[in-house]
Each structure stands twice: as C-alpha cells, then as structure tokens.
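Survey of secondary and tertiary structure
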Amino acid sequence: MKKTIILNLNHTRTGFNKDDITLVEHKETELKTDDAGNIVQEIHYHPDGEILCTIDHQYNEKKQPILSEQFDGQNELCERNIKQYNEQHQLIREDIYYGENMPAYSTLYQYENNLLVKQDIYDDNEYDYKEKEYHYKNGLLIKEIEYNEEGKEAYIIESNYNQSSILSKKIRHEIQQKDRRSYEFEYDDRQNKIKELVYNYNDELISKSYYTYNEDNQIMETEEEDLDHYQLTKFEYEGKNLIKSMVYGKGNLLLSWSEYLYNEQKEIIKIVNYKQDEVVPSEYRILNEIRYERIS
C-alpha cells in the first residue's frame, strides 16, 4: 500500500503593495493506492484541516471498480456506488444509494453483439424510464437518443465517420429547446485531432479549436476561440513528462503558466502555478504550489 499526500501552498494577496502576499499551506488530499496502482481510499480536507469527505474504492481482478463509498466529515454515508459486469467485463448494472438505508437508483445496460444498445433507469428496483438508446452501422455508433424522465426525446446525437472510421461530424439535436449544435473534426495522418469546428442552429460558426503535435504525438498547442473568448495554450516536455504549460490571450499576451517537477521515478512531485500580478499586471507572481509527498 502506498500513500500520497497532496499539499497546497497558496500565495494569497492581502494588500495593494506588491509584496503583500501571505503564504498559507493546507493539506488537500490523501490518496492510498494498492500494489496494482488502484486508488483504494481518498481523504479530502477543508483548508482548516477538518475532513471534508472520505471515499473508499474496491476493484475486481480486472481492475474494474465494483464499489465506491463516500462518507462525510462525521463518517456518515453520503453515497454508495455498486457496479456489476458480465462475462465480457462490460458494465451491466450500476446502483447508487444516496445515504444509508436509502433505496437504490439504478442504471441497467443492455448489449447486442457486444455493443451497448440501451440504458434503463430503475428507482428502488422498479422500472422508471429508458434513459438512452444507441444505434450502430458496421459497428460504429451512428445515433444516440437520450430521453427525459417523461419518456420523451430530449437529445438526439448523430455521428458520421471518415474513411478511417474516425468520427468526422457530430450533430446534437436539442429537442426540448428546439436547438442544434454541429461539430466537425479533422485529423492528421497519425489520426490526431487537429481541428474542431462548432456551428449553431443557423449553421453559423460559433467556436473553433486547433491542435498541433510533436513527433512523439504529444500535444504542443491548443488554440480555442468562441464568440466571447480566445485562448492559446502551449506545452513543453522533457521526454514523456510535461514540464510547462503556458496560457495566452489575444495579442499573444501571456496570462498564466504552470511548471511541473518530477522525482527520479518520473512521478510528479510539484506543480507551481503563476498568474498576472494584480498590482503590477505587467509582472507575474506565484498563485499556488501543489506538492505531492509519497510514502511507501
């Protein structure tokens, strides 16, 4: 069993002078993992050190989650999640209990030819409504229908694919709102997504995203723009490890960045986040430092 403690050192501005910064560190999370690397327990904390919640996890021999239980700071059960699988290791049932001695709110999954075709909702083991329905062509999902609790169609998602059987277009019909969103995707010769365009009901372009990659298929840049917002994010690596991510606004203005540090086992040990200074916007300061302490 291994334990990881995640600590957050906040650099909080407390005044209008440049150096009016107060450092306050608190423990955010404790994680316990088994020998297979599965998280078996999470303990989350308030900034004052009190326990916010504890989450326990169990897995089957295939490392699939079978039980998750969340308790509040007084160790009262908030939520219990139980998952069941078939012989093909496909999820066939998920039961959620919102407290001790509460009825189950369940989702049952049905398959045909190893493809998920339907999700039904049960309340206290009584059938409630059909939640989702899936349709395929040549093994590819071409239509997904989502229903509301009254059994009426809420959303219909239609999907098209390119010659490599990769998603090239998705249309999301919002039936109740009488709206529609269309998504178009393009890929490079390594099947990395390089472009995503979003159109509204009137087929007007409302959002666009572009992605570039290096020779190792690591993402180097993401450029995202909609009607109200623009953001360019750049990434730097050392081998397989991300060491820096930088966020820019319009005019190539650097807004913030994060630096990542690793130990000799290439495990993350520290993340330092920087932002524009509130007092001197042309300068930058540390926002917070996230430290990872690992105990074997």
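Scroll up to find the structure this text is about.
Treat the numbers as computed from the prediction; the structure is a model and nothing was measured.

About the criteria used
- Residues numbered from 1 in each chain as written.
- Predicted model: local features only at pLDDT ≥ 70, side-chain atom pairs only at ≥ 80, totals over all residues.
- Heavy atoms only, no water.
- Helix = DSSP H or I, 4+ residues; strand = E, 2+ residues; numbered from the N terminus.
- Buried < 20%, exposed > 50% of the residue type's maximum accessible area, 1.4 Å probe, protein only.
- Areas by Shrake-Rupley, 256 points an atom, 1.4 Å probe, with all protein chains shown as cover.
- Lys, Arg positive; Asp, Glu negative; His and termini not counted.
- Charge placed at Lys NZ, Arg CZ, Asp CG, Glu CD.
- Phe/Tyr/Trp six-rings, centres within 6.5 Å; stacked < 30°, edge-to-face > 60°.
- Disulfide = S-S within 2.5 Å.
- Pairing = 2+ DSSP bridges.

1. Overview of the overall build of the protein
- Secondary structure assignment for the protein yields zero helices and 22 strands.
- Counting only C-alpha atoms, the protein reaches 60 × 50 × 40 Å along its principal axes.
- Buried residues in the protein amount to 35% of all 296 residues.
- Of the roughly 18500 Å² that the protein leaves accessible, carbon and sulfur atoms contribute 45%.
- Taking the average location of the 37 positive side-chain charges in the protein and that of its 61 negative ones, the two points are 4 Å from each other.

2. Considering the packing of aromatic side chains
- This model, assessed by the stated rule, comprises three aromatic pairs.
- Arranged with centres 5.5 Å apart and planes meeting at 80 degrees, the rings of Tyr-122 and Tyr-127 form a pair that is edge-to-face.
- Looking at Tyr-122, the relative accessible area reads 22%, which means it is partly exposed.
- Taking the relative accessible area as the measure of exposure, Tyr-127 reaches 47% and is therefore partly exposed.

3. Considering the state of the cysteines
- Within the structure shown, the criterion is met by zero disulfides.
- The thiol sulfur of Cys-78 is not disulfide-bonded, and the nearest other cysteine sulfur, from Cys-53, lies at 7.4 Å.

4. Considerations on the pairing of strand β13 (residues 167-174)
- Bridge count for strand β12 (residues 153-161) against β13 is seven bridges, and the pairing is antiparallel. In the sheet register, Tyr-155 faces β13, and the bridge partner there is Glu-174.
- Pairing between β13 and strand β14 (residues 179-187): six bridges, direction antiparallel. Bridge assignment links Glu-174 to a residue of β14, and that residue is Asp-179.
- Connecting β13 to the antiparallel partner β14 that follows it, the hairpin turn spans four residues, and Lys-178 within it adopts a positive phi of roughly 50 degrees.

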